[in-house]
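One-letter residues, chain by chain:
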Amino acid sequence: MDLIYLDNNATTKVAPEVLEVMLPYFKEEYANPSSIYEFAKKANHTVRDSRGVIKDFLNAANEKEILFTSCGSESANTAIRGVLNMNKNKRHIITTKVEHPCVLNLYQTLEKEGYKVDYIGVNSNGELDLAQLEEAINYDTALVSIMYANNETGVIYPIEKISEIIKSKNKETKFFVDAVQAAGKIPIDVQALGVDLLGISGHKFHAPKGVGVLYVNSKTLITPLIIGGHQERGKRAGTENVPYIAGIAKAAELAMDSMNYELTEVKRLRDKLESGIIKNIFNSRINTSISNRVPNTTNIGFEYIEGELILLHLSDLGICASSGSACTSGSLEPSHVLRAMNVPFTAIHGSIRWSLSRYTKESEIDYVLKVLPGIIDKITALSPYQDELANLKRLRG
Amino acid sequence: MWDYSEKVMDHYRNPRNVGKIDNADAIGEAGSLTCGDSLKIYLKIKDGIVTDAKFQTFGCGSAVASSSILTEMIIGKSVEEVKKITNKDIADQLGGLPPEKMHCSVMGYEALEDALKNFDDLTDLDDLRNEKKEEKIVCTCFNVTENLIWDAIKQNGLKTVEEVTNYTKAGGACGKCKGLIQDIIDTYYKKEESQKEENTLSPAQKILKINKIIESQISPELQKDGGDITLVDIDGNKVLVKLRGKCSGCKNSHLTLKAFVESTLRETVDKNIDVIEVA
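Residues numbered from 1 in each chain as written. Chains lettered and ligands numbered in written order. Predicted model: local features only at pLDDT ≥ 70, side-chain atom pairs only at ≥ 80, totals over all residues.

Here's the deal with the pairing of strand β10 (residues 297-302) of chain A
For a regular strand, side chains alternate in direction, first toward one face of the sheet and then toward the other.
All names here are of chain A.
Alright, step 1. The element β10 is extensively covered by neighbouring structure, given that six of its six residues are classed as buried.
Alright, step 2. The alternating pattern of β10 places Thr-297, Asn-299 and Gly-301 and Thr-298, Ile-300 and Phe-302 on opposite faces, both of which are buried.
Alright, step 3. Across three bridges, strand β9 (residues 284-286) lies against β10 in antiparallel orientation. Within β10, the position partnered with Ile-286 by the bridge is Ile-300.
Alright, step 4. Two elements, β10 and strand β13 (residues 351-355), share five bridges in a ladder whose sense is antiparallel. Along β13, the bridge assignment pairs Ile-300 with Ile-352. (Buried ≥ 20, exposed ≤ 12 C-beta atoms within 10 Å, placed from the backbone. Helix = DSSP H or I, 4+ residues; strand = E, 2+ residues; numbered from the N terminus. Pairing = 2+ DSSP bridges.)

Spelled out as structure tokens, the structure:
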């Protein structure tokens with residue numbers, strides 16, 4: 001049974017080219033890049049060059065604006081805590097209801113520490129309420145924190161426009177963007193976006209787990225989260241993780257090379273999967289707006305059935321996807337993102353997120369389209385809501 | 001990723017007894033679409049035996065497996081036997097469930113209980129209920145009643161709010177009812193503790209307690225009717241008493257003795273007490 005991996009928003013496979021560039025640093029090139037002898041030169045230059053690649057990847061103005069971290073969560077925590085610590089007189093934060101838990105849970109902690117946090121809502125397409133955002137910004141707002149693309153729906157938020165709104169209301173307010181789900185899927189240009197801080201994570205674009213990046217523009221001061229040595233210009237202590245830094249830089253290079261493929265071919269396969277499902281399965285619906293999304297993601301709700309069971313049956317055929325259902329995660333509530341969008345409760349528990357990558361083959365999409373109707377039929381037959389399903393079938397013919 | 005047992009996987013892959021029974025003798029429901037899982041169970045009952053059972057489930061793998069195995073467990077059993085099935089039996093039959101998934105077995109138990117309650121020929125299940133509180137919603141997010149929480153605590157020996165959430169979902173969303181759940185746990189164990197205490201009374205303590213109950217609770221009631229009672233002796237669980245006043249010679253004295261004196265002492269001191277009248 002071949003594996004069909006359609007859960008690339010959870011993590012991605014390490015590109016073989018990435019692994020290749022990492023290996024020497026596990027073997028002969030084990031030097032600490034801070035050491036002064038000749039043997040350390042290669043490690044030192046690798047970190048330096050990698051920083052340059054990431055600078056280009058994000059179109060930062062200067063390499064000094066790039067910090068290497070251990071993951072997306074560390075990037076977010078460093079950015080948020082770092083900015084707030086530097087602006088202690090300001091106690092107000094604005095974020096969204098649909099952020100990733102790594103950010104949301106931090107804001108809930110900050111609320112307990114006395115910060116006031118406003119959570120901006122979204123409409124049923126998953127689009128942010130910009131008027132609400134504009135209204136919320138005041139003299140006390142230290143930070144606005146909004147993701148670039150949503151991990152569950154793929155919806156892209158208008159970061160450039162939001163930057164303008166923020167600067168027009170309060171020039172001192174800093175803007176952090178969690179771009180973990182955008183990196184590798186759409187081009188990122190921090191200068192054009194006008195953001196102050198932006199975080200990404202390597203394992204979402206074919207680098208390994210355990211490495212991330214935080215962009216901090218030169219006008220933004222932060223305190224370090226990890227205090228210790230002078231690494232990363234004092235903003236993130238800890239000996240540089242040379243193999244992983246080399247890895248994320250290689251992954252960024254590959255992502256830049258394949259950006260066009262991502263925006264055309266990956267998108268075509270995603271659209272094929274999506275329209276094939278909607279066409280052939282009467283109790284399915286697209287949970288998001290279909291414009292303004294990253295090219296690899298779709299979120300489809302299957303009505304009157306439950307997502308975990310769909311995933312278990314898919315898994316029996318080697319197909320990997322994920323669900324916004326409560327049962328999958330062990331939490332008892334369905335996805336906070338889909339709830340914020342008011343996805344009807346008939347569909348929310350049966351929501352499946354499909355996320356492709358540039359390694360996804362058309363034959364794999366064809367196979368999913370071939371087997372999925374049978375799986376959904378089988379599960380639908382178990383449902384106690386047969387009358388409702390019959391109505392739906394009549395309606396959608 | 002859940003560590004489901006082979007049995008769970010077998011049952012969600014090949015669920016048994018799926019569907020609906022037309023003209024079912026009993027139908028039970030639990031859960032709801034909003035809450036993310038729901039179950040409908042249909043029973044055919046003849047001469048006190050469950051002759052057929054079918055189910056329809058909206059839910060995850062373990063919910064389907066719990067429903068499916070439940071139908072297998074009850075077909076061919078007498079209603080009396082079926083009444084004794086607990087959520088733990090369902091989970092055990094499946095070779096166990098992950099802790100966070102225990103609520104699926106509880107949903108099976110709940111639907112079964114609902115079906116039996118709706119079964120006309122069954123006089124009532126009040127005797128199963130009488131030690132519990134009135135039907136009261138504790139968790140409004142998932143519509144979980146106090147009775148269900150009480151059952152889950154009792155059947156599974158749950159000790160913490162987190163365990164109650166795993167078994168019943170109560171407290172799993174907004175969390176506002178966590179305090180209430182803690183109260184129910186405390187009440188349950190306080191009650192169990194006091195029952196345990198009574199069972200381990202020393203003979204002297206027991207005599208004192210019986211005497212006190214007779215004086216404070218039983219005697220005053222009898223006096224209202226112009227009678228009275230005296231404690232003569234205690235021999236193990238045998239309580240020898242003498243009825244006086246109007247009670248002595250009353251033709252209902254035997255009823256008074258058994259239905260009131262004995263049951264009061266059994267309830268408050270020891271369920272094995274026998275009350276014997278001496279002349």
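From this point on, the discussion continues.
Points about the domain arrangement of chain B
Alright, step 1. Considered domain by domain, chain B is made up of domain 1 (6-118), domain 2 (131-198) and domain 3 (203-277).
Alright, step 2. Computed over C-alpha atoms only, the centres of domain 1 of chain B and domain 3 of chain B are separated by 46 Å. (Domains from an automatic or database assignment.)

Overview of the packing of helix α7 (residues 146-156) of chain B against helix α8 (residues 161-168) of chain B
Residue and element names in this part refer to chain B.
Alright, step 1. Taken N-terminus to C-terminus, the directions of α7 and α8 make an angle of 105 degrees; their axes are 10 Å apart at the nearest point. Regarding the angle of α7 to α8, the classification is roughly perpendicular. Counted together, Leu-148, Ile-149, Ala-152, Ile-153 and Asn-156 of α7 and Val-164, Tyr-167 and Thr-168 of α8 form the full contact between these two elements.
Alright, step 2. Class assignment for the residues of the contact of α7 with α8 results in six nonpolar, two polar and no charged. (Axes fitted to C-alpha atoms, helices over the stretch in contact; angles between N-to-C directions. Parallel < 35°, antiparallel > 145°, perpendicular 65-115°, else oblique. Contact = placed C-beta atoms within 7 Å. Nonpolar A, V, L, I, M, F, W, Y, C, P; charged D, E, K, R; others polar.)

Some remarks on the sheet that holds β9(A)
Residue and element names in this part refer to chain A.
Alright, step 1. The strand order β9-β10-β13-β12 describes an open sheet built from four strands, whose pairing is antiparallel. Each of the sheet's edge strands pairs with one partner strand only, and the pair in question is β9 and β12 (322-323).
Alright, step 2. In this structure, β12 lies alongside β13, joined through two bridges in antiparallel fashion. Residue Ser-323 lies in a different strand from β13, and its bridge partner there is Ile-352.

What about the interface of chain B and chain A?
Alright, step 1. Each partner contributes residues to the interface: chain B has 21 residues there, and chain A has 22 residues.
Alright, step 2. Mapped by element, the contributors of at least two residues to the side of chain B that touches chain A are α1 (6-13), β2 (37-46), β3 (49-58) and α2 (61-74) of chain B.
Alright, step 3. Residue classes in the side of chain B that touches chain A are distributed as eight nonpolar, eight polar and five charged.

Re α8(B)
Alright, step 1. Taken residue by residue, α8(B) has Val164(B), Thr165(B), Asn166(B), Tyr167(B) and Thr168(B) as its buried positions.
Alright, step 2. Where α8(B) terminates, the next one or two residues include Lys169(B), which has phi positive at roughly 75 degrees.

Structural notes on the nonpolar core
Alright, step 1. Ile310(A), Ile41(B), Leu43(B), Ile149(B) and Ala170(B) are the most contacted members of the largest nonpolar core, which totals 83 residues.
Alright, step 2. Considering every element that reaches this core, the biggest residue donor is helix α5 (residues 102-118) of chain B, with nine residues.
Alright, step 3. Apart from residues lying up to four places away in sequence, Ile310(A) is in contact with Phe302(A), Ile305(A), Ser323(A), Gly350(A), Ile352(A), Ile375(A) and Ile379(A).
Alright, step 4. In this structure, Ile54(A), Tyr157(A), Val190(A) and Val211(A) belong to the second largest nonpolar core, which totals 80 residues. (Core = buried A, V, L, I, M, F, W, Y, C linked by C-beta atoms within 7 Å.)

Brief notes about helix α8 (residues 242-257) of chain A
In an α-helix there are 3.6 residues to a turn, and that puts residues three or four apart on one side.
All names here are of chain A.
Alright, step 1. The end-to-end C-alpha distance of α8, which contains 16 residues, comes to 23 Å, matching closely the 22 Å that a straight helix rising 1.5 Å per residue would cover.
Alright, step 2. Extensive coverage of α8 is indicated by the burial of twelve of its 16 residues.
Alright, step 3. Within α8, the full set of buried residues consists of Val-242, Pro-243, Tyr-244, Ile-245, Ala-246, Gly-247, Ile-248, Ala-249, Lys-250, Ala-251, Ala-252 and Ala-255.
Alright, step 4. Next to the buried residues of α8 lie α1 (16-22), α2 (41-58), β2 (66-69), β8 (212-216) and α9 (259-280). (Expected span 1.5 Å × (residues − 1).)

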